[in-house]
Amino acid sequence: MAHAVFAGSFDPPTFGHLDIIARASSIFETLHVVVAANRNKRGLFEPEERAQLLTASIDAMTNVFVAVWDGLVVDYARNAGCTILVRGVRGITDFASEYDMAILNSQLEPTIETFLICADPRYSTLSSSAVKEFAHFRRDISALVPSPVLKALADRRP
Ligand code: ADP
């Protein structure tokens, strides 16, 4: 069985991310959830905070590891012995950019495959940006994010 990486911004993690994590962790031997620390894009939460929120939200999954990485995802994968990059696809718009990213990554590292998982229809319109927007206007987001994220957003209203 292969070892996989699921990388993203996770600013903050949502039930859409957690659904992909749960499904990918049942397919692959281990799943490394990697918070990409983008030097050009400051998020609401620091990368280490996002990693803590992910760790607090996935406590029951013993083959899932959380890390922060500020390099290319393919380099993380190679260093960690992972051969698969998992991504979630919410629809045709995600597919177009994920397809391009998969081709670029295969050019960087031909031994690594991208594995796309279709979003659960319950979460197919859910994004971290929407969560931040709703939290800003004090809407109920309890159906969109796990409780550690709910609390973190209440403490730091975007
Ligand atoms: P990035 O900025 O790298 O796309 P995100 O945190 O927005 O980071 O997303 C990380 C991954 O999770 C991407 O593959 C994205 O398509 C997927 N994803 C985001 N939201 C959802 C969702 N609601 N359902 C399924 N997959 C999702």
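Thresholds, definitions, all that
- Residues numbered from 1 in each chain as written.
- Predicted model: local features only at pLDDT ≥ 70, side-chain atom pairs only at ≥ 80, totals over all residues.
- Heavy atoms only, no water.
- Core = buried A, V, L, I, M, F, W, Y, C linked by side-chain atoms within 4.5 Å.
- Buried < 20%, exposed > 50% of the residue type's maximum accessible area, 1.4 Å probe, protein only.
- Helix = DSSP H or I, 4+ residues; strand = E, 2+ residues; numbered from the N terminus.
- Contact = heavy atoms within 4.5 Å.
- Near = heavy atom within 4 Å.
- Polar contact = N/O pair within 3.5 Å; in protein donor to acceptor, adjacent residues only side chain to side chain.
- Areas by Shrake-Rupley, 256 points an atom, 1.4 Å probe, with all protein chains shown as cover.
- Axes fitted to C-alpha atoms, helices over the stretch in contact; angles between N-to-C directions.
- Nonpolar A, V, L, I, M, F, W, Y, C, P; charged D, E, K, R; others polar.
- Pairing = 2+ DSSP bridges.
- Right-handed = clockwise from strand over helix to strand, strands pointing away.

S.K.: For this particular structure, what's the right way to read the nonpolar core?
M.R.: As a rule of thumb, soluble globular proteins bury nonpolar side chains together. Among the nonpolar cores identified, the biggest contains 18 residues, and Phe6, Ile21, Leu31, Val33 and Val86 are the most heavily contacted of them. For this core, the secondary structure elements donating two or more residues are strand S1 (3-8), helix H1 (15-27), strand S2 (30-36), helix H2 (47-57) and strand S4 (84-89). With four residues, the top contributor of residues to this core is H1. With residues near it in sequence (within four places) discarded, Ile21 still touches Phe6, Leu31, Val33, Leu54, Ile58, Met61 and Val64. Val131, Val145, Val149 and Leu153 belong to the second-largest nonpolar core, a separate cluster that totals 12 residues.

S.K.: Can you help me understand the site of the ligand in this one?
M.R.: With respect to spatial proximity, 16 residues lie near the ligand, and among them Ser9, Phe10, Gly88, Tyr123 and Leu126 are the closest. Phe10 is positioned such that a nitrogen or oxygen atom in its backbone is 2.9 Å from an oxygen atom of the ligand. Measuring from a nitrogen atom of the ligand, one finds a backbone N or O atom of Leu126 at 2.9 Å. For the ligand, the protein covers 86% of the area, taking 540 Å² as the surface of the free molecule. Elements with a contribution of two residues or more to the shell around the ligand: S1, H1, S4 and helix H4 (92-108).

S.K.: Please clarify how the environment of Ile58 should be interpreted in this entry.
M.R.: Tracing the backbone through its elements, the reader meets Ile58 in the loop between H2 and strand S3 (64-69). Residue Ile58 is classed as buried on the basis of its relative accessible area, which comes to 6%. Residues Ile58 and Ile21, 37 residues apart in the sequence, show an inter-C-alpha distance of 8.5 Å.

S.K.: How should unusual backbone geometry be read in this particular structure?
M.R.: Outside of glycine, negative phi angles account for most residues, and trans bonds account for most peptide bonds. Look at the link from Asp11 to Pro12: it is a cis peptide, with omega at 0°. Inspection of the secondary structure puts Pro12 in the loop between S1 and H1. In this structure, Phe10 is a non-glycine residue whose phi angle is positive, near 50°. Taking relative accessible area as the criterion, Phe10 reaches 2% and is therefore assigned buried. Of note, the phi angle at Arg138 is positive, near 55°, even though the residue is not glycine. Among the secondary structure elements, Arg138 is positioned in the loop between helix H5 (128-136) and helix H6 (147-155).

S.K.: Is there a simple way to explain the packing of H2 against H6 in this structure?
M.R.: A pair of packed helices can be characterised by two numbers: the angle between their axes and the separation between those axes. Axis separation between H2 and H6 bottoms out at 8 Å; the angle between their running directions is 145°. Residues Leu53, Ala56 and Ser57 of H2 lie in contact with H6, whose contacting residues are Pro148, Val149 and Ala152. When its residues are assigned to classes, the contact of H2 with H6 shows five nonpolar, one polar and no charged.

S.K.: Looking at this structure, I do not really get the environment of Ser97. What am I missing?
M.R.: Mapped onto the fold, Ser97 is located in helix H4. Overall, Ser97 belongs to the partly exposed group, its relative accessible area being 40%. For the pair formed by Ser97 and Arg39, sequence separation is 58 residues and the distance between their alpha carbons is 20 Å.

S.K.: Just to check I follow, could you spell out the pairing of S4 for this structure?
M.R.: For a regular strand, the rule is simple: side chains alternate between the two faces of the sheet. Bridge count between S1 and S4: three bridges; the pairing is parallel. Residue Val5 lies in a different strand from S4, and its bridge partner there is Leu85. Sheet analysis places S4 next to strand S5 (residues 113-118), joined by six bridges and oriented parallel. Bridge pairing links Ile84 to Glu113 in S5. Remark: the S4/H4/S5 crossover connection has right-handed handedness.

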